[in-house]
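Observations on the model geometry
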Amino acid sequence: MKTITCSNRIYYSELSLEEANALHQDIQLYHAMMHTAYHLLCLKSEGIPFSFDDSLGKEMKRRFHTNDYFPLSAIQEAQQHLSNDFANHENQKKALKAQCKAIEKK
């Protein structure tokens, strides 16, 4: 059985200098959006309300002057990172409780 694969990989060495710089700036912008969204979502999870009236997506669009795609994608990824961090925290708490019980038994 034969399979056909397709790759969308981009090599910087094959790009012109302008294209490589534009791609690098887009990546930096996306990471800045993701860090901002993560920070705001962390504050919200601690009970601190947003300091703006609009939704988080609209605020990210306003702050970074982009279309819907980048901010919404960054918000989605930040939400996933935050939920993973909460799950890891709970797992660490359970492991520490188990260690404490084992130490108390000794």
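This text gives an overview of the structure that appears in the document. Predicted model, so just to flag it, every value in this text is computed and none were measured.

The helix and strand inventory of the chain stands at 3 helices and 0 strands. Secondary structure elements in the chain, listed N-terminal to C-terminal, are α-α-α. Radius of gyration (C-alpha) of the chain: 21 Å, far over the 13 Å computed for a compact globule of 106 residues. If you line up the chain on its principal axes, its C-alpha atoms span 65 × 55 × 30 Å. Expressed as a percentage of its 106 residues, the buried residues of the chain come to 19%. In the chain, of all internal contacts separated by at least 6 residues, the share reaching a separation of at least 24 is 57%. In the form shown here, the chain has an accessible surface area of approximately 8900 Å², with 55% of it arising from carbon and sulfur atoms. Across the chain, the centroid of the 13 positively charged side chains sits 14 Å from that of the 13 negatively charged ones.

What characterises a pair of aromatic rings is the spacing of the ring centres plus the angle enclosed by the ring planes. Applying the stated rule across the entire model yields 3 aromatic pairs. Between the aromatic rings of Tyr-69 and Phe-70, the centroid separation amounts to 6.0 Å while the plane-to-plane angle is 45°, which identifies the pairing as tilted. Judged by relative accessible area, which is 61%, Tyr-69 ranks as exposed. Each member of the aromatic cluster is reached from another via a ring pair, and the members are Tyr-30, Tyr-69 and Phe-70.

Quick look at the nonpolar core now. Counting residues in hydrophobic clusters, the biggest one holds 15 residues, and the most contacted among them are Leu-56 and Met-60. When residues of this core are traced back to their parent elements, those giving at least two are helix 1 (17-45), helix 2 (56-64) and helix 3 (69-105). Looking at this core, the element that brings in the most residues is helix 1, giving 7 residues. If we ignore the near neighbours within four places in the chain, the residues touching Leu-56 are Leu-40, Leu-41, Phe-50 and Ile-75.

With that settled, the discussion passes to the packing of helix 1 against helix 2. Helix-helix packing is described using two parameters, namely the angle between the two axes and the distance between the axes. Here helix 1 crosses helix 2 at 140°, and the two axes come no closer than 11 Å. By the criterion of interaxial angle, the relationship of helix 1 to helix 2 is oblique. Our pair here, helix 1 against helix 2, has a crossing hand that is right-handed. Contacts between helix 1 and helix 2 involve Leu-29, Ala-32, Met-33, Thr-36, Ala-37, Leu-40 and Leu-41 from the former and Leu-56, Met-60, Arg-63 and Phe-64 from the latter.

Rules used in this analysis
- Residues numbered from 1 in each chain as written.
- Predicted model: local features only at pLDDT ≥ 70, side-chain atom pairs only at ≥ 80, totals over all residues.
- Heavy atoms only, no water.
- Helix = DSSP H or I, 4+ residues; strand = E, 2+ residues; numbered from the N terminus.
- Rg over C-alpha atoms; globule rule 2.2 N^0.38 Å.
- Buried < 20%, exposed > 50% of the residue type's maximum accessible area, 1.4 Å probe, protein only.
- Contact = heavy atoms within 4.5 Å.
- Areas by Shrake-Rupley, 256 points an atom, 1.4 Å probe, with all protein chains shown as cover.
- Lys, Arg positive; Asp, Glu negative; His and termini not counted.
- Charge placed at Lys NZ, Arg CZ, Asp CG, Glu CD.
- Phe/Tyr/Trp six-rings, centres within 6.5 Å; stacked < 30°, edge-to-face > 60°.
- Core = buried A, V, L, I, M, F, W, Y, C linked by side-chain atoms within 4.5 Å.
- Axes fitted to C-alpha atoms, helices over the stretch in contact; angles between N-to-C directions.
- Parallel < 35°, antiparallel > 145°, perpendicular 65-115°, else oblique.
- Left-handed = near helix turned anticlockwise from the far one by under 90°.

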